[in-house]
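Geometric and topological summary
Chain residues, written in single-letter form:
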Amino acid sequence: TWGGNSNLPHKIGLLRAKDLAFTCRRVTAQEALAWGLVSRVVPEAQLLDEAHAIADAIAVLSRDSVAKQKLMITQASKRALGEALERNVRAHPGHADDMVDRLKALRS
């Protein structure tokens, strides 16, 4: 199984999760957006351009920082907020290995 019965109630709430589990209906793009299952909805004709724009925006950032942010966000989503905040403070994700180089680039 992919964990839908366990994860879905936490993502969209108990009533919505039951609705989908019991009826097996498909979720519309607008519902998925409103429920926080997707971050954006674009017309199909613009899908590839939007995906490339997102990839380009990420690609110019520090690979190390993006990887650490991805890890921290994923881990935080599995913890209580207080614990996630404490771990975030301890981890200092903004202090990536390439931080000195990034700061020098900003100053030049």
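Placed above this text is the structure.
Description of the structure in this document.

Here is what the cut-offs are and how they apply
- The residue count restarts for each chain, going from 1 along the sequence in the order it is written.
- This being a predicted model, a pLDDT of at least 70 is required before a residue's local features are given, and a value of 80 or more before pairs of side-chain atoms are given or counted; all residues contribute to the totals for chains, interfaces and linings.
- Where side-chain values are given, they derive from all heavy atoms of the structure, hydrogens and water being excluded.
- Secondary structure elements follow DSSP: runs of H or I no shorter than four residues count as helices, runs of E no shorter than two count as strands, and numbering proceeds from the N terminus.
- Three exposure classes are used, based on accessible area relative to the maximum for each residue type with a 1.4 Å probe and protein chains only: buried under 20%, partly exposed in between, and exposed over 50%.
- Contact criterion: two residues are considered in contact whenever any of their non-hydrogen atoms come within 4.5 Å of each other.
- Here, Shrake-Rupley sampling with a 1.4 Å probe gives the accessible areas, and only protein chains in the shown set may cover a residue.
- What makes a salt bridge here is a side-chain nitrogen of Lys or Arg within 4 Å of a carboxyl oxygen of Asp or Glu, nothing more.
- Put simply, a nonpolar core is a bunch of buried Ala, Val, Leu, Ile, Met, Phe, Trp, Tyr and Cys residues held in one set by side-chain atoms that sit within 4.5 Å of each other.
- Interaxial angle, 0 to 180 degrees, is taken between N-to-C directions of lines fitted to C-alpha atoms, where a helix line uses only the stretch in contact.
- Throughout, the term roughly parallel applies to angles under 35 degrees, roughly antiparallel to angles over 145, roughly perpendicular to angles from 65 to 115, and oblique to all others.
- Helix crossings fall into two classes, left-handed where the near helix is turned counterclockwise from the far one by less than a right angle and right-handed where it is turned clockwise.
- By the convention adopted, Pro, Cys, Tyr, Trp, Phe, Met, Ile, Leu, Val and Ala count as nonpolar, Lys, Arg, Asp and Glu as charged, and the other residues, Gly among them, as polar.
- Each patch is built from residues that are more than 30% exposed by relative accessible area and take part in no salt bridge. Like charges join if they lie within 9 Å; nonpolar side chains (Val, Leu, Ile, Met, Phe, Trp, Tyr) join within 5 Å.

**Overview of the overall build of the protein**
- Of regular secondary structure, the protein possesses 7 helices and 0 strands.
- The secondary structure elements of the protein, listed N-terminal to C-terminal, are α-α-α-α-α-α-α.
- Counting the 108 residues in the protein, one finds 13% classified as buried.
- Sequence separation of at least 24 residues holds for 35% of the intrachain contacts in the protein that already meet a minimum separation of 6.
- Working note: accessible area of the protein is about 9,000 Å², and carbon and sulfur atoms make up 59% of it.

**Some thoughts on the pattern of salt bridges**
- What the rule picks out here adds up to 4 salt bridges.
- Note that Glu31 is salt-bridged to Arg25, the shortest N-O span being 3.0 Å.
- In this structure, the salt-bridge partner of Glu50 is Arg40, at a minimum N-O distance of 3.0 Å. Of the two residues, Glu50 is situated in helix α4 (residues 47-59) and Arg40 in the loop between α3 (29-34) and α4; the sequence distance between them amounts to 10 residues.
- Linked through salt bridges whose partners overlap, the residues forming this network are Asp19, Arg25 and Glu31.

**A word on the nonpolar core**
- With 5 residues, the main nonpolar core is built from Leu8, Ile12, Ala17, Leu20 and Trp35.
- Where this core is concerned, the elements lending two or more residues are α1 (4-12) and α2 (14-23).

**Points about the packing of α1 against α2**
- It is the contact of α1 with α2, at a shortest axis distance of 7 Å, that shows an interaxial angle of 135 degrees. In terms of orientation, α1 lies oblique with respect to α2. Crossing of α1 against α2: the hand is right-handed. Note on element contacts: α2 touches α1 through Leu14, Arg16, Ala17 and Leu20, opposite Leu8, Pro9 and Ile12.
- Here the contact of α1 with α2 is composed, by residue class, of 6 nonpolar, no polar and 1 charged.

**Describing a nonpolar patch on the surface**
- On the surface, Val27, Leu33, Leu37, Val38 and Val41 cluster together into a nonpolar patch covering about 320 Å² of accessible area.
- Inspection of the secondary structure assignment puts Val41 in the loop between α3 and α4.

**A look at unusual backbone geometry**
- Although it is not a glycine, Cys24 sits at a positive phi angle of roughly 60 degrees.
- Note that Cys24 resides in the loop between α2 and α3.

**Observations concerning the environment of Gly4**
- As for its position among the elements, Gly4 is in helix α1.
- Taking the C-alpha atoms as reference points, Gly4 and Ala21, separated by 17 residues in sequence, lie 9.0 Å from one another.

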